[in-house]
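Chain by chain, the residues:
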Amino acid sequence: MAALKYSRQRESIKEFLMTQTTHPTADIVYDNMKQIYPNISLGTVYRNLSLLTDLGEIQKLSCFGGADRYDARTSPHCHFMCTSCGSVMDLDIDAAGTLVKEAEEQFSGKITGYSARFFGLCEECIKKQAK
């Protein structure tokens, strides 16, 4: 495989994602990149997000309903999605400790990773409903 050519835009996308804990969509990444690179296209953002995902430098979060979201944190961790406002946040729980061990006992293959997603109401939405 040929060496990957350096791209300021790709590097800026990765740097932006590293500053985010909100797991932005491609449209949000695009809106932020337009401020730095006024001529950048949405297609360029999608291609770079796809490439960064393929390289393992970011992860794409699907199955949250709606648009895919992106996370620069690639170490194993869980996510929570608020079913009211749609926010997605990291959960720092040791799912590997119990869940993966149980899965390995039920499965004769080799587990190399996991993805756990939790759904419910975030603190802000609970407060809004209480009013």
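This structure is a prediction, so every number in the text was calculated from the model and none was measured.

The rules behind the values
- Residues numbered from 1 in each chain as written.
- Predicted model: local features only at pLDDT ≥ 70, side-chain atom pairs only at ≥ 80, totals over all residues.
- Heavy atoms only, no water.
- Helix = DSSP H or I, 4+ residues; strand = E, 2+ residues; numbered from the N terminus.
- Buried < 20%, exposed > 50% of the residue type's maximum accessible area, 1.4 Å probe, protein only.
- Areas by Shrake-Rupley, 256 points an atom, 1.4 Å probe, with all protein chains shown as cover.
- Lys, Arg positive; Asp, Glu negative; His and termini not counted.
- Charge placed at Lys NZ, Arg CZ, Asp CG, Glu CD.
- Axes fitted to C-alpha atoms, helices over the stretch in contact; angles between N-to-C directions.
- Parallel < 35°, antiparallel > 145°, perpendicular 65-115°, else oblique.
- Left-handed = near helix turned anticlockwise from the far one by under 90°.
- Contact = heavy atoms within 4.5 Å.
- Nonpolar A, V, L, I, M, F, W, Y, C, P; charged D, E, K, R; others polar.
- Salt bridge = Lys/Arg side-chain N within 4 Å of Asp/Glu carboxyl O.

(A) Seen up close, the overall build of the protein chain. For the protein chain, the helix and strand inventory stands at five helices and five strands. Starting at the N terminus, the α and β elements of the protein chain follow one another as α-α-α-β-β-β-β-α-β-α. Once the C-alpha set of the protein chain is aligned to its principal axes, its extents read approximately 50 × 50 × 20 Å. Counting across all 131 residues of the protein chain, residues that qualify as buried make up 32%. Looking at the protein chain as shown, the accessible area adds up to about 8,700 Å², and 52% of this sits on carbon and sulfur atoms. Distance between charge centres in the protein chain, computed from 15 positive and 16 negative side chains, equals 7 Å.

(B) Examining the packing of helix α1 (residues 8-18) against helix α2 (residues 26-36) more closely. The interhelical angle for the contact between α1 and α2, taken along N-to-C directions, is 115°, at an axis separation of 10 Å. In terms of orientation, α1 and α2 fall into the roughly perpendicular class. For the crossing formed where α1 meets α2, the hand is right-handed. Contact residues: Ser12, Ile13, Phe16 and Leu17 in α1; Ile28, Val29, Asn32 and Met33 in α2. Tallied by class, the residues present in the contact of α1 with α2 amount to six nonpolar, two polar and no charged.

(C) Highlighting the environment of phenylalanine 118. For phenylalanine 118, the position within the fold is in strand β5 (residues 117-120). Each C-alpha atom of the pair phenylalanine 118 and isoleucine 13 lies 27 Å from the other, and the pair is 105 residues apart in sequence. In this structure phenylalanine 118 touches Cys78, His79, Phe80, Met81, Leu91 and Ile93, once residues within four positions along its chain are discounted.

(D) Examining the pattern of salt bridges more closely. The tally for this structure, following the rule as stated, stands at six salt bridges. Put simply, aspartate 90 and arginine 73 hold a salt bridge, and the shortest N to O gap is 3.5 Å. Of this pair, aspartate 90 sits in strand β4 (residues 88-91) while arginine 73 sits in the loop between β2 (69-71) and β3 (78-82), and the two are 17 residues apart along the sequence. We classify aspartate 90 as partly exposed; its relative accessible area is 24%. By relative accessible area, which is 30% here, arginine 73 ends up partly exposed. Glutamate 123 serves as the salt-bridge partner of lysine 127, at 3.7 Å between the closest nitrogen and oxygen. Note that lysine 127 and glutamate 123 are positioned in helix α5 (residues 123-130) at a spacing of four residues, about one turn of the helix. A relative accessible area of 56% means that glutamate 123 is categorised as exposed. Bridged by salt links that share partners, the residues Arg73, Asp90 and Asp92 form one connected network.

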